[in-house]
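Structure assessment
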Amino acid sequence: MKAVVLAAGEGTRIRPLSGSVPKPMLPVADRPLVAHTVDAAIDAGADEIVLVVGYESETVREFFGATYRGVSVSYAVQTDQNGTADAVNAASEHLDGPFAVLNGDNLYDPAAIAALFDSCPAVCAIEVENPRNYGVLSTDDGTVVDIVEKPADPPTNLANAGAYAFPERARDWLDVPASERGEHEITDVLARVIDEFAVTPVTTDRWMDVGRPWELLEANEWKLGELDRRIEGEVSDAAQLEGAVVVEEGATVKPGVVVEGPALIRSGATVGPNAYVRGATLLGEDVSVGNAVEIKNSVLSRGTSVSHLSYVGDSVLGRDINFGAGTTVANLRHDDEAVKFTVKGERISTDRRKFGVVAGDGVKTGINTSLTPGLKLDTAATTRPGEVVERDR
Ligand code: TTP
């Protein structure tokens, strides 16, 4: 089956991380986020991938090229991000026969995607505790009979897990009217398919939609947790690597370093001496973690440097950041409440007891900067030496 993978969005809710890199290309373990989606489709047996691209599309094209893992990849351009149905519509001339649609910012269980392909027409569903926040599926006798967005009174706890296998006819139904929020939604295409076909709900135990920065952290927790230990870089005899630790070729781990897996230290990264890296942590290409630094459950993107005497916990750092000596991230509130974070101007709960900071590309902190939980530092923001930063900047 052909799989259409939607990767045209910028990811406004994940800003500032999507400043120079579109959300689908943000790092999740050893690959961009969207590569996990494409891998799930290929592992499930997709025989062709159609990637819908738009925002900063070059980076996506460069990564996948014309074939990826032996499977043909073609591209459709969605000029304006007018919604998920509009995105699939942009790919319509690539479609013949039944086709699957997957979100390029979702992590899927490949076994569920294989079952989805086998059960076409079908939609993936996951049981959730709080269905009010999702598209909710009503079923009758093993068939989906309705889908309702964020219902006040959910008919089931089966949430739409953003993966669809559509019959060929659905290609003619992609031009749906705009929804209340002004987007052409793939769920309206699904509603039409539900009206005309028997649609099977394929349940999955594990699925994740990456929309906000802490979800990128959680996606890394998932995928770093799947790594097997592999040591190919230069590791000092006086370093200690515990559990599922990957040190890629070209990475250096100096004396006195302790790394607790799951952790991935990518090519060109240097760690130590005397640093403490705790799981789940991704140290991207050319990252530098220096003397007496502790990093815990964090993502440090390519080229970022936390050189000495600093602590970074439960945080996501973009590219080419420099944390000055003694920069300390707080990741826990005194009142033990969930940490809040600002998404599109609104302060919302991350539902996480521990969450540190999100810093955009090129941020520089002065020495001895203290950063409070849930702080957002915009692209290229700076702090002064000794500052206590309590407000986003
Ligand atoms: P969303 O997460 O709804 O949108 P987004 O990725 O642009 O992020 P944000 O809401 O933070 O701005 O999109 C779901 C998937 O569909 C995602 O993989 C991006 C893709 N998409 C498109 O390809 N074209 C579109 O017009 C839209 C709205 C989304």
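Under an unreviewed UniProt entry, the name given to the chain is Bifunctional protein GlmU, and the organism recorded is Natrialba taiwanensis DSM 12281.

Topic: the overall build of the chain
Counting its secondary structure elements, the chain contains six helices and 39 strands. Taken over the C-alpha trace, the chain has a radius of gyration of 22 Å; the compact-globule value for 393 residues is 21 Å, and the two agree within 12%. Seen through its C-alpha atoms, the chain measures out along the principal axes to roughly 65 × 45 × 35 Å. Considering only contacts within the chain whose residues lie at least 6 apart along the sequence, 48% involve residues at least 24 apart. For the chain, the accessible area works out to roughly 16200 Å², and carbon and sulfur atoms hold 42% of it. With 36 positive and 61 negative side-chain charges, the chain shows a spacing of 7 Å between the two charge centroids.

Structural notes on the pattern of salt bridges
Taken as a whole and assessed by the stated rule, the structure comprises 26 salt bridges. Note that Lys 2 and Glu 48 form a salt bridge whose closest N and O atoms lie 3.7 Å from each other. Taken together, the residues span a long stretch of sequence, with Lys 2 in strand β1 (residues 2-7) and Glu 48 in strand β4 (residues 48-53) at a distance of 46 residues. Owing to a relative accessible area of 13%, Lys 2 belongs among the buried residues under this scheme.

What about the site of the ligand?
Taken together, 19 residues lie around the ligand, and Leu 6, Thr 12, Arg 13, Gln 78 and Gly 83 are the ones closest in. One of the side-chain N or O atoms of Thr 12 is found 2.5 Å from an oxygen atom in the ligand. Between the ligand and the protein, one listed contact pairs a nitrogen atom with a side-chain N or O atom of Gln 78 at 2.7 Å. In the complex, 87% of the free accessible area of the ligand, which totals 560 Å², lies under the protein chains. Residue assignment for the shell around the ligand shows that the elements contributing at least two residues are β1 and α3 (84-90).

Topic: the layout of surface pockets
Volume-wise, the second largest pocket comes out at about 440 Å³. Around the second largest pocket, the lining is made up of 25 residues, and of these Met 25, Pro 27, Pro 32, Arg 302 and Arg 319 lie nearest the centre. Put simply, the parts of the chain that give the lining of the second largest pocket at least two residues each are β3 (31-32) and α2 (57-64). No other element matches α2, which puts three residues into the lining of the second largest pocket. Split by residue class, the lining of the second largest pocket holds 12 nonpolar, five polar and eight charged.

Concerning the side chain of Arg 266
For Arg 266, the location among the structural elements is in the loop between β21 (263-265) and β22 (270-271). Within the structure, Arg 266 has its side chain in polar contact with the backbone oxygen of Asp 30 (distance 3.3 Å). Apart from residues no more than four positions distant in its own chain, Arg 266 is found in contact with Ala 29, Asp 30, Glu 248, Ala 251, Leu 282, Leu 283, Gly 284 and Glu 285.

Quick notes on unusual backbone geometry
Residue Pro 121 follows Cys 120 across a cis peptide bond; omega there is 0°. With respect to the secondary-structure elements, Pro 121 resides in the loop between α4 (110-118) and β9 (122-127). A positive phi is found at Asn 297, a non-glycine position, where the angle reads about 45°. Secondary-structure assignment places Asn 297 in the loop between β26 (294-296) and β27 (299-300). For Asn 297, a relative accessible area of 6% gives the class buried.

With respect to the UniProt feature "domain: Nucleotidyl transferase" (unreviewed entry) in the chain
The UniProt feature table records "domain: Nucleotidyl transferase" (unreviewed entry) at residues 2-221. For the annotated span residues 2-221, helix accounts for 25% and strand for 31% of the residues, and the straight-line distance between the end C-alpha atoms is 29 Å.

Let's talk about the environment of Asp 30
Topologically, Asp 30 is positioned in the loop between β2 (27-28) and β3. Separated by 261 residues in the primary sequence, Asp 30 and Asn 291 place their C-alpha atoms 25 Å from one another. Residue contacts for Asp 30: discarding those within four places in its chain leaves His 36, Glu 248, Leu 264 and Arg 266. At 3.0 Å, the side chain of Asp 30 and the side chain of Arg 31 are in polar contact.

Some words on the environment of Thr 84
In this structure, Thr 84 sits in helix α3. With a relative accessible area of 26%, Thr 84 lands in the partly exposed category. Each C-alpha atom of the pair Thr 84 and Asn 103 lies 8.7 Å from the other, and the pair is 19 residues apart in sequence. For Thr 84, the residues in contact, after removing those within four places along its chain, are Leu 6, Asn 103, His 184, Glu 185 and Ile 186. Among the polar contacts listed, one links the side chain of Thr 84 to the backbone nitrogen of Ile 186, at a separation of 2.9 Å.

Brief notes about α4
Of the residues making up α4, those classed as buried are Ala 112, Ile 113, Leu 116 and Phe 117. The buried residues of α4 occupy an angular sector of 145° when the element is viewed end-on, so they sit on one face. Among the exposed residues of α4, those oriented more than 90 degrees off its buried face are Ala 111 and Asp 118. Where α4 is buried, its residues contact α1 (33-43), β7 (99-103), β8 (106-108), β9, β12 (158-166) and β13 (200-203).

Cut-offs used in this document
- Residues numbered from 1 in each chain as written.
- Predicted model: local features only at pLDDT ≥ 70, side-chain atom pairs only at ≥ 80, totals over all residues.
- Heavy atoms only, no water.
- Helix = DSSP H or I, 4+ residues; strand = E, 2+ residues; numbered from the N terminus.
- Rg over C-alpha atoms; globule rule 2.2 N^0.38 Å.
- Contact = heavy atoms within 4.5 Å.
- Areas by Shrake-Rupley, 256 points an atom, 1.4 Å probe, with all protein chains shown as cover.
- Lys, Arg positive; Asp, Glu negative; His and termini not counted.
- Charge placed at Lys NZ, Arg CZ, Asp CG, Glu CD.
- Salt bridge = Lys/Arg side-chain N within 4 Å of Asp/Glu carboxyl O.
- Buried < 20%, exposed > 50% of the residue type's maximum accessible area, 1.4 Å probe, protein only.
- Near = heavy atom within 4 Å.
- Polar contact = N/O pair within 3.5 Å; in protein donor to acceptor, adjacent residues only side chain to side chain.
- 1 Å grid on protein atoms, 1.4 Å probe; cavity = no way out; pocket = protein on both sides within 12 Å on 5 of 7 lines; lining within 4 Å.
- Points joined across faces, edges and corners; volume = space filled by probe spheres on them.
- Nonpolar A, V, L, I, M, F, W, Y, C, P; charged D, E, K, R; others polar.
- UniProt positions renumbered as here; feature names shortened; annotations may be inferred.
- Arc of directions from axis to C-beta.

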